[in-house]
Amino acid sequence: MSVIAQNLQAVQSRIALAARAVSREPHEVSLLAVSKTFGADDVAAAVAAGQAAFGENYLQEALDKMALLRELLPEAALAWHFIGPIQSNKTRPIAEHFDWVHSVDREKIAQRLSDQRPADLPPLNVCIQVNVSNEASKSGAQNDEAAAIARAVAAMPRLRLRGLMAIPEPTDDVAQQRAAFRQVRQLFESLRAEGLSLDTLSMGMSGDLEAAVAEGATIVRVGTAIFGRRDYSRQ
Ligand SMILES: *Cc1c(COP(=O)(O)O)cnc(C)c1O
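What you see is a predicted model, and the numbers here were worked out from it, not measured in a lab. (Residues numbered from 1 in each chain as written. Predicted model: local features only at pLDDT ≥ 70, side-chain atom pairs only at ≥ 80, totals over all residues. Heavy atoms only, no water.)

## Topic: the overall build of the protein chain
Assigned secondary structure in the protein chain consists of 9 helices and 8 strands. A globule of 235 residues ought to have a C-alpha radius of gyration of about 18 Å, and the protein chain, at 17 Å, matches this closely. By principal-axis analysis of the C-alpha atoms, the protein chain measures approximately 45 × 45 × 30 Å. Burial statistics for the protein chain: of 235 residues in total, 51% are counted as buried. Contacts spanning at least 24 positions in sequence make up 63% of the contacts within the protein chain whose residues lie at least 6 apart. A total accessible area of about 11100 Å² is found for the protein chain, and carbon and sulfur atoms account for 49% of it. Within the protein chain, one finds 25 positive and 28 negative side-chain charges whose respective centroids are separated by 1 Å. (Helix = DSSP H or I, 4+ residues; strand = E, 2+ residues; numbered from the N terminus. Rg over C-alpha atoms; globule rule 2.2 N^0.38 Å. Buried < 20%, exposed > 50% of the residue type's maximum accessible area, 1.4 Å probe, protein only. Contact = heavy atoms within 4.5 Å. Areas by Shrake-Rupley, 256 points an atom, 1.4 Å probe, with all protein chains shown as cover. Lys, Arg positive; Asp, Glu negative; His and termini not counted. Charge placed at Lys NZ, Arg CZ, Asp CG, Glu CD.)

## A short note on helix α2 (residues 40-48)
Inspection of α2 places Ala40, Asp42, Val43, Ala44, Ala46 and Val47 among the buried residues, and these make up the whole buried set. Immediately beyond the C-terminal end of α2, within one or two residues, lies Gly50, with a positive phi of roughly 105 degrees.

## Some words on the site of the ligand
Neighbouring residues of the ligand: Val34, Lys36, Asn57, Ile83, Ile167, Met205, Ser206, Arg221, Val222, Gly223, Thr224 and Arg230. Take Gly223: an N or O atom from its main chain is 2.8 Å from an oxygen atom of the ligand. Protein burial of the ligand: of its 390 Å² of free accessible surface, 89% is covered by the chains. Split into classes, the residues belonging to the shell around the ligand amount to 5 nonpolar, 4 polar and 3 charged. (Near = heavy atom within 4 Å. Polar contact = N/O pair within 3.5 Å; in protein donor to acceptor, adjacent residues only side chain to side chain. Nonpolar A, V, L, I, M, F, W, Y, C, P; charged D, E, K, R; others polar.)

## What about the UniProt feature "modified residue: N6-(pyridoxal phosphate)lysine" (unreviewed entry) in the protein chain?
Here, UniProt's "modified residue: N6-(pyridoxal phosphate)lysine" (unreviewed entry) annotation points to Lys36. If sequence neighbours within four positions are ignored, Lys36 has contacts with Gly55, Glu56, Asn57, Tyr58, Glu61, Lys65, Arg230 and Tyr232. (UniProt positions renumbered as here; feature names shortened; annotations may be inferred.)

## Observations regarding the side chain of Arg162
Structurally, Arg162 can be placed in strand β6 (residues 159-166). Assessed through its relative accessible area of 13%, Arg162 is described here as buried. Looking at Arg162, its side chain comes within polar contact range of the side chain of Asn125, at 2.9 Å.

## Structural notes on the packing of α2 against helix α3 (residues 59-72)
In the contact formed by α2 and α3, the axes pass within 9 Å of each other and the chain directions differ by 55 degrees. On the basis of their axis angle, the class for α2 and α3 is oblique. Where α2 crosses over α3, the handedness of that crossing is right-handed. Residues Ala40, Val43 and Ala44 of α2 form the contact with α3, whose participating residues are Lys65, Leu68, Leu69 and Leu72. (Axes fitted to C-alpha atoms, helices over the stretch in contact; angles between N-to-C directions. Parallel < 35°, antiparallel > 145°, perpendicular 65-115°, else oblique. Left-handed = near helix turned anticlockwise from the far one by under 90°.)

## A word on the nonpolar core
Counting 67 residues, the largest nonpolar core has Val104, Leu113, Ile128, Leu164, Val220 and Ile226 as the members making the most contacts within it. Discounting chain neighbours no more than four positions away, the residues touching Ile128 are His102, Val104, Ala146, Ile149, Ala150, Val153, Leu161, Gly163, Leu164 and Met165. Formed by 8 residues, the second largest nonpolar core is a distinct cluster that contains Trp100, Cys127, Met165 and Ile219. (Core = buried A, V, L, I, M, F, W, Y, C linked by side-chain atoms within 4.5 Å.)

## A word on the pattern of salt bridges
Two side chains carrying opposite charge are able to pair once their charged atoms lie near each other. In this structure the tally under the stated criterion is 11 salt bridges. Across the pair Lys65 and Glu56 runs a salt bridge whose closest N-O atoms are separated by 2.8 Å. Taking relative accessible area as the criterion, Glu56 reaches 0% and is therefore assigned buried. In this structure, Glu189 engages Arg185 in a salt bridge whose closest nitrogen and oxygen atoms are separated by 3.6 Å. In this pair, Glu189 and Arg185 both sit in helix α7 (residues 174-193), 4 residues apart, roughly one turn of the helix. Overall, Arg185 belongs to the partly exposed group, its relative accessible area being 23%. Through salt bridges with shared partners, a single network forms among Arg178, Arg182, Arg185, Glu189 and Glu215. (Salt bridge = Lys/Arg side-chain N within 4 Å of Asp/Glu carboxyl O.)

## Here's the deal with unusual backbone geometry
The phi torsion at Ser23 lies on the positive side, around 60 degrees, for a residue other than glycine. For Ser23, the position within the fold is in the loop between α1 (3-21) and β1 (30-34). Within the chain, Thr37 stands out as a residue other than glycine whose phi angle is a positive 75 degrees.

Now the structure itself:
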């Protein structure tokens, strides 16, 4: 078994344990393998181990990797999720090549993605990125903005509003991890209570996925624990 296959199995076990600990079913949580900085060969190894959903942060790197994978594995039905910061001049290729975008934090970006989503593709699945850690990260909308963007996205014809995404400040303190994820879940629940149909909480990474699952994550985005440490000089 490849190292990547072993790592995937270990991450799936962590998810299952964390889910059962709070009486959730493991299948309620899906694993997004974050393959940024890793090559098409590593993605292919993950696909061979049964993984089909991949997260990417850098547009050109992702497009190159998708093209290589279409050659390496023409039969594989892969789902690509864009999870990085979005510049407005990059929305068209994102709308054309991805299945999901987790990092929408401005209405203007959402409008461009909707306008540019090709008619022959299904609506683009969208999560609104929420800023939970205040000053530490610049990305993500504040709660009230996130609510306004979510309402706007729900009305855009070529987007399908799915939920919220967050990247809390890293900490080893599990209580702090859970408090940050709980804030996101509370916003998620309040949006559902006002009638928006949301089914996705994208939260939890290699270091904090247990806390995220405990607080209701439905997608965890995991890179390092699957592919190993990122070496940015490889890019
Ligand atoms: C890189 C990245 C991840 C994966 O982080 P790991 O700590 O390597 O698991 C998850 N989400 C986002 C948005 C990322 O940029």
